[in-house]
Amino acid sequence: MANETHRRARGASTRALQLPQLDSEKRNAGPRRATLASGLASRLAFFRRPLRLRGSSTMTVPLGVVVLFPLLVVILILVLFARHPSSDGSNMAPGGAPPTMRKISEKHDRVFVNGCLEPDTSQPRANAAFVVLARNKELEGVIQSMKSVERHFNRWYHYPYVFLNDGDFDETFKETVTKYASSSVEFGKVGPDMWGFPDWVDEKVAKEGIAKQGDAAVMYGGLESYHKMCRFYSGFFYNHPLLLKYDWYWRVEPEITYFCDITYDPFLKMIENNKTYGFTIAVKELRETVPNLFRYASAYKRLNNLASKGLWEMFVEPQDPEEKSDNAPSAEEAMQSDAKPNTLPDIDPEAMEGEKYNMCHFWSNFEIARLDWFRSKEYNDFFEMMDHSGGFWMERWGDAPVHSLAAGALLAPSDIHYFRDFGYRHTTIQHCPANALGRQLPREPFLNPAIDDEKERKEEEEYWADWDDEIESGVGCRCRCDKDIVDVEGKDGSCLPEWVDVAGGWASP
């Protein structure tokens, strides 16, 4: 008890000794806080400075509100945009980064293979070939393309090549491309029946039309050879004598690059899944190149009483249900036209049957397709109607929108396959997927025997051995993407949203 009393007395004594010290600190803290508050207030005084809203107005607002409020609004908009469920965030991605890949509904189509497989070469090849339209002067670009095709796919599957030219291939071209191919190679010439002006076209008028397009700076519009190439790929290539023995084709252009290993046979997958046409990029066409294309395509569809199978909608702008077909007046409006002159709506020259082309098309410099579809009566009737319109000469119709609108009129979404796992680039447009998480496999080295320089062979091998990171939503196999441009899936000109709409929609937010 005495000890307890002693401890209490000692504690009280200690507290008594501390009280003066605490009182002293409190007294000193007051001036310090006042000094700090005074300094902060002086620094913030600038933002409290009142601003008159008008020269004679008595209403004022603090300068801080004027300065900070717009900044806060911008930050809020950016946050809401990034978090909005309809945004995949790809527009915020740095150049060249793989797209943030939202999953697409598998109602009509699905990625054939997520990630890598061990290449299975035990099955018989499909009756298919690569088709390359090129000239002797494009040899370097052809070598680039063949090196990419061989490294990422054909070193396992050895599909043949068919090279076509409107002239004669020289021996240097033939020897070089044969060296780079791991398969058989054939060379053919495109005759004037497939390349020249048809008999029913006034050649002088056609050339004048092409010259006018050049004067108007329509892209490639002034190049006669470009018009001929587009017409050839729209309606003749599939009947070239060298291609008649094939059922499938894979189009290859000079100066293209593949970024991912393709460890399965896409031809066999297309057959297995009953597909007709495959693409990897869908973008919008330049409006000035095809001012009347859609009207003829729509007329073909109407004249043949073709109902949409669900793909046509990919190529038309969404319609306001209150809009009338072709902006045509109603009977009541027509009856009142005498009483109210000049009140009828203008007719849209690009609209047809109440529909308007949204400029979307499958970018046909890459496509894998059944040749029997192109050879069908329906497709050739479509091409004949388009051809006799004169649009391949008087306008600059590309084969890409022709193929696409024919598909829209004749095929269903389930007939189409999106090779989303293919990394591909042509000119400045690129699609390159992220690598599938947990589905990558070690790769066999590929020291291309066609490359004579041993240092170059090793450097190329080392480059492709270091592929990009894997992400959960990725689908690619050992992809290494170029980092200089934004993936097409993140660009405004992409038609991926239109494809997703007809394919079944997004499968995830």
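Above this note sits the structure.
Bear in mind that the values here come from a model prediction, so they are computed numbers and not experimental data.

Caption draft 1: Looking closely at the sheet that holds strand β15 (residues 424-426). The strand order across the open sheet formed by three strands is β7-β15-β16, and the pairing between neighbours is antiparallel. In the strand order of this sheet, the two ends are held by β7 (256-258) and β16 (429-431), each with one partner. The sheet shows a mean angle of 5 degrees between the axes of neighbouring strands, taken without regard to direction. Here three bridges tie β7 to β15, and the two strands are oriented antiparallel to one another. Paired with T257 across the two strands is R425, which belongs to β15.

Caption draft 2: Representation of the state of the cysteines in the model. The final tally for this structure, using the stated rule, is four disulfides. There is a disulfide in this structure between C260 and C479, and the S-S distance comes to 2.0 Å. Between C260 and C479, the disulfide has an S-S torsion of 110 degrees and is therefore right-handed. Residue C260 is found in the loop between β7 and α8 (266-272), and its partner C479 is found in the loop between β18 (470-471) and α16 (496-503); the two are separated by 219 residues along the sequence. Since its relative accessible area comes to 1%, C260 is described here as buried. The disulfide bridge from C360 ends at C495, spanning 2.1 Å between sulfur atoms. What sets the handedness of the C360 and C495 disulfide is the S-S torsion sign, and at about -90 degrees it is left-handed. Here the residue C360 occupies a position in strand β12 (residues 360-362), and C495 occupies one in the loop between β18 and α16, the gap between them amounting to 135 residues. Both residues of the pair, C360 and C495, count as buried.

Caption draft 3: Main features of the nonpolar core. Membership of the largest hydrophobic core comes to 62 residues, with the highest contact counts inside it found for F232, F374 and W499. When residues in this core are grouped by element, the largest group, six residues, is from helix α14 (residues 399-410). Other than its neighbours up to four places away in sequence, F232 contacts L133, L164, V190, M194, W195 and F237. By size, the runner-up hydrophobic cluster in this structure holds 44 residues, among which are A128, V149, V177 and F422.

Caption draft 4: Structural view of helix α12 (residues 377-388). Its 12 residues give α12 an end-to-end C-alpha distance of 16 Å, which sits within 8% of 16 Å, the value for a rise of 1.5 Å per residue. For α12, the complete set of buried residues consists of Y379, N380, F382, F383, M386 and D387. Burial along α12 is one-sided: seen end-on, the buried residues are contained in an arc of 155 degrees. In this structure, the buried side of α12 is in contact with α7 (224-235), α9 (293-303), α11 (371-374), α13 (391-394) and α14. Positive backbone phi, approximately 85 degrees, marks G390, located one or two places after α12.

Caption draft 5: Representation of the packing of α9 against α12 within the structure. The geometry of α9 relative to α12 is characterised by a closest axis approach of 10 Å and an angle of 135 degrees between their N-to-C directions. As far as their axial angle goes, α12 and α9 are oblique. Note that α9 runs across α12; the crossing there is right-handed. On α12, the residues that touch L293, Y296, A297, A299, Y300 and L303 of α9 are E378, D381, F382, M385 and M386. Counted by class, the contact of α9 with α12 contains nine nonpolar, no polar and two charged residues.

Caption draft 6: Region of the structure containing the side chain of R478. Looking at the element boundaries, R478 is found in the loop between β18 and α16. Only 2.6 Å separates the side chain of R478 from the backbone oxygen of L441, close enough to count as a polar contact. What R478 contacts, discounting residues up to four positions off in sequence, is C116, W156, F259, C260, D261, T263, N435, Q440, L441, P442, R443 and W467.

Caption draft 7: Highlighting unusual backbone geometry. Of note in this structure, A217 is not a glycine but carries a positive phi near 60 degrees. Its location among the elements puts A217 in the loop between α6 (203-215) and α7. Phi is positive for N305, which is not a glycine, with a value near 50 degrees. Here N305 falls in the exposed class, since its relative accessible area comes to 71%.

Caption draft 8: How the structure looks around a nonpolar patch on the surface. Taken together, the side chains of M219, Y220, L223 and L286 present a nonpolar region at the surface, about 350 Å² in accessible area. Examined against the element boundaries, M219 turns out to sit in the loop between α6 and α7. A relative accessible area of 44% means that M219 is categorised as partly exposed.

Caption draft 9: How the structure looks around helix α4 (residues 171-180). All of the buried residues in α4 are F173, T176, V177 and Y180. Burial along α4 is one-sided: seen end-on, the buried residues are contained in an arc of 90 degrees. On its buried face, α4 is in contact with α3 (139-157), β4 (161-165) and β5 (185-189). Two or three places before T172, at the opening of α4, D170 has a side-chain oxygen 3.3 Å from that residue's backbone nitrogen.

Caption draft 10: Structural context of the packing of aromatic side chains. Inspection of every chain in the model, using the stated rule, returns 55 aromatic pairs. Over the aromatic face of Y233 sits the side chain of R251, whose NZ or CZ is 3.5 Å from the ring centroid.

Caption draft 11: Structural detail: the environment of I256. Looking at the secondary structure, you find I256 in strand β7. Counting along the chain gives 110 residues from I256 to F366, while the straight-line C-alpha distance between them is 9.3 Å. Beyond its immediate chain neighbours, meaning those up to four positions away, I256 contacts Q144, S145, S148, Y424, R425 and H426.

About the thresholds
Residues numbered from 1 in each chain as written. Predicted model: local features only at pLDDT ≥ 70, side-chain atom pairs only at ≥ 80, totals over all residues. Heavy atoms only, no water. Pairing = 2+ DSSP bridges. Helix = DSSP H or I, 4+ residues; strand = E, 2+ residues; numbered from the N terminus. Axes fitted to C-alpha atoms, helices over the stretch in contact; angles between N-to-C directions. Disulfide = S-S within 2.5 Å. Buried < 20%, exposed > 50% of the residue type's maximum accessible area, 1.4 Å probe, protein only. Core = buried A, V, L, I, M, F, W, Y, C linked by side-chain atoms within 4.5 Å. Contact = heavy atoms within 4.5 Å. Expected span 1.5 Å × (residues − 1). Arc of directions from axis to C-beta. Parallel < 35°, antiparallel > 145°, perpendicular 65-115°, else oblique. Left-handed = near helix turned anticlockwise from the far one by under 90°. Nonpolar A, V, L, I, M, F, W, Y, C, P; charged D, E, K, R; others polar. Polar contact = N/O pair within 3.5 Å; in protein donor to acceptor, adjacent residues only side chain to side chain. Patch = residues over 30% accessible without salt bridge, like charges linked within 9 Å, V, L, I, M, F, W, Y side chains within 5 Å. Areas by Shrake-Rupley, 256 points an atom, 1.4 Å probe, with all protein chains shown as cover. Salt bridge = Lys/Arg side-chain N within 4 Å of Asp/Glu carboxyl O. Phe/Tyr/Trp six-rings, centres within 6.5 Å; stacked < 30°, edge-to-face > 60°. Lys NZ or Arg CZ within 6 Å of the ring centre and 35° of its normal.

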